[in-house]
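These are the residues of each chain, in order.
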Amino acid sequence: MKALALSSFDEGPSVMEVDDPVADPGEVLVRVAAASINAWDVRVASGGVRAFMTYEFPAVVGGDLAGTVEAVGEDVDGFTVGDRVFGMMGVKGGIHDGSFGELATPTAASIARAPDGLHDVDAGSLAVAGTTAMSAVKAIAPSEGTTVLVLGATGGVGSFALQLAHIRGAHVIASARPGDEKFVTDLGADETIDYTGDLAGDVHARYPAGVDAVVDAVSFGDEAFEAMADLVGDGGTLVSTRGAAGDKAEIGGVRVANGNGDPAHLTALADLVVDGKLMVPVRKTYPLADGAQAIADFAEQHTVGKLVITM
């Protein structure tokens, strides 16, 4: 099959011929229709996770996917040949099997059936960013009138998080740079804050006692993440979608947690899209032949919304 893969650490990803994957026990063979790019994929494509994950070349890149079941491995129930499915690759134990190819073998536990009305490009954009956002919003548990600041609101995770918080009745404050305000307000943000300026100062000026919750889709490392706790009022919640909370449960009276991707949220997300309550903010699609350019654009440009590779 054709796939976007790495042949070594010395060259970037390119479209090449690789062996067709075979579904191992617990896996499903999927004919991929669409797969969106996430920040993790860019790190993988650059060789940036080699310190803690093993690469087996050729290493196909990609985590999200939508497509049609072509075969089912042993010990798999609930899927049959011809089912339309979507989700993520799941834990594969290393970097070799990815979704940016004509065929992929996700774990059965990491996919769900795609309902009628969920188009492939949207379905292929939901899993990693959407389920991470849903986990984060579940952790802050907003109710009517809760003030929620979403940092990184124009990205994949942030754009889903602000919508999910809005659906639950929260007053959503979205960080965005000048020119991107309409993108986030169209998704449901009630107000915006310019992250290229004095974001912390602006938040304190508007909310002297702090906001009720922050979904942080930006900060890496302890220092940057812990600084965000100062924006939250006592008893509020700060959630990282990048694992920056680590093992901490509290920072200075603010509850902290990590929001992680969880396939258990796939069906609920799909239902929200089909019902017209959640928009999948696809910015651009690329054919597989231009997959390397898609990765480069994600890494080098200011990306608003989702970039998707179609097969």
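Data block above holds the structure.
Residues numbered from 1 in each chain as written. Predicted model: local features only at pLDDT ≥ 70, side-chain atom pairs only at ≥ 80, totals over all residues. Heavy atoms only, no water.

## Brief notes about the nonpolar core
In this structure, Phe-86, Leu-118, Leu-126, Val-148, Leu-162, Leu-164 and Leu-278 are the most contacted members of the largest nonpolar core, which totals 43 residues. Considering each element in turn, this core owes the most residues, eight residues, to helix H3 (residues 127-140). Aside from chain neighbours lying at most four places away, what touches Leu-164 is Gly-130, Ala-133, Met-134, Val-137, Leu-269, Leu-272 and Leu-278. Listed in part, the 25 residues of the second largest apolar core include Val-30, Ala-35, Val-42 and Val-85. (Core = buried A, V, L, I, M, F, W, Y, C linked by side-chain atoms within 4.5 Å. Buried < 20%, exposed > 50% of the residue type's maximum accessible area, 1.4 Å probe, protein only. Helix = DSSP H or I, 4+ residues; strand = E, 2+ residues; numbered from the N terminus. Contact = heavy atoms within 4.5 Å.)

## Regarding the packing of aromatic side chains
For any pair of aromatic rings, the description rests on two quantities: the centre-to-centre distance and the angle between the ring planes. Evaluated as defined, the whole model comprises four aromatic pairs. Ring centres of Phe-9 and Phe-57 lie 5.0 Å apart, and the angle between their planes is 80°; on these two criteria the pair is classed as edge-to-face. Linking Phe-9 in the loop between strand E1 (2-6) and strand E2 (14-17) with Phe-57 in the loop between helix H1 (39-45) and strand E4 (59-60), this pair joins segments that are 48 residues apart in sequence. The exposure class assigned to Phe-9 is partly exposed, which follows from its relative accessible area of 35%. Look at Phe-57 and you get partly exposed, because its relative accessible area is 31%. With 6.3 Å between their ring centres and 45° between their planes, Trp-40 and Phe-52 make a pair best called tilted. (Phe/Tyr/Trp six-rings, centres within 6.5 Å; stacked < 30°, edge-to-face > 60°.)

## Considering the environment of Thr-267
In this fold, Thr-267 is placed in helix H8 (residues 266-274). What makes Thr-267 partly exposed here is its relative accessible area of 46%. Taking the C-alpha atoms as reference, Thr-267 lies 19 Å from Ala-141; in sequence the two are 126 residues apart.

## Observations concerning the sheet that holds E1
An order of E2-E1-E4 is seen for the three strands of this open sheet, with the pairing classed as antiparallel. Strands at the two margins of the open sheet, each flanked by one partner only, are E2 and E4. One ladder, built from four bridges, connects E1 with E2; its direction is antiparallel. The residue bridging Ala-3 from the neighbouring strand is Met-16, located in E2. (Pairing = 2+ DSSP bridges.)

## A word on the side chain of Ser-110
Assignment of secondary structure puts Ser-110 in the loop between strand E7 (103-104) and strand E8 (111-113). Here the side chain of Ser-110 touches Thr-107 through a polar contact of 2.7 Å, side chain to side chain. Setting aside its immediate chain neighbours within four residues, Ser-110 contacts Phe-86, Gly-87, Met-88, Met-89, Gly-90, Pro-263 and Leu-266. (Polar contact = N/O pair within 3.5 Å; in protein donor to acceptor, adjacent residues only side chain to side chain.)

## What to know about the pattern of salt bridges
Scanning the model with the defined rule gives ten salt bridges in all. For Arg-177, the salt bridge is made with Asp-180, and the minimal N-O distance between the two is 4.0 Å. In this structure Arg-177 comes out as partly exposed when scored by relative accessible area, which is 34%. Asp-180 sits in the buried class, given a relative accessible area of 13%. Of the charged contacts, one joins Lys-248 and Glu-226 as a salt bridge, the two residues approaching to 3.5 Å between their closest N and O atoms. (Salt bridge = Lys/Arg side-chain N within 4 Å of Asp/Glu carboxyl O.)

## Re the pairing of strand E16 (residues 282-287)
Here is the key point about a regular strand: its side chains alternate between the two faces of the sheet. Here E16 runs beside strand E17 (residues 306-310); their pairing, made up of five bridges, is parallel. The residue bridging Val-282 from the neighbouring strand is Lys-306, located in E17.

## Notes on the sheet that holds strand E9 (residues 147-151)
Neighbouring strands of a sheet are bound in pairs by backbone hydrogen bonds; such pairs are parallel or else antiparallel. Reading across the sheet, the seven strands line up as E11-E10-E9-E12-E13-E15-E14 and stay open at both edges, with mixed pairing between neighbours. The open sheet has two edge strands with one neighbour each: strand E11 (191-194) and strand E14 (250-251). With two bridges connecting them, E14 and strand E15 (residues 254-258) associate as antiparallel partners. Note on E15: the bridge partner recorded for Ile-251 is Val-254. Relative to strand E13 (residues 232-240), H3 is tilted by about 165°, and along the sheet it contacts E9, strand E12 (211-216), E13 and E15. (Axes fitted to C-alpha atoms, helices over the stretch in contact; angles between N-to-C directions.)

## Brief notes about the environment of Met-279
Topologically, Met-279 is positioned in the loop between H8 and E16. Since its relative accessible area comes to 44%, Met-279 is described here as partly exposed. Distance from Met-279 to Val-85, taken between C-alpha atoms, is 19 Å for residues 194 residues apart in sequence. Discounting residues that sit within four places of it in the chain, Met-279 has contacts with Phe-160, Gln-163 and Leu-187.

## Section: helix H9 (residues 291-300)
Residues Gly-291, Ala-294, Ile-295, Ala-296 and Asp-297 constitute the buried set of H9. For H9, the elements touching its buried residues are E1, H1, E16 and E17.

## Thoughts on unusual backbone geometry
Residue Pro-58 follows Phe-57 across a cis peptide bond; omega there is 0°. Along the polypeptide, Pro-58 turns up in the loop between H1 and E4. At Ala-141, a position not held by glycine, the phi torsion is positive, near 45°.

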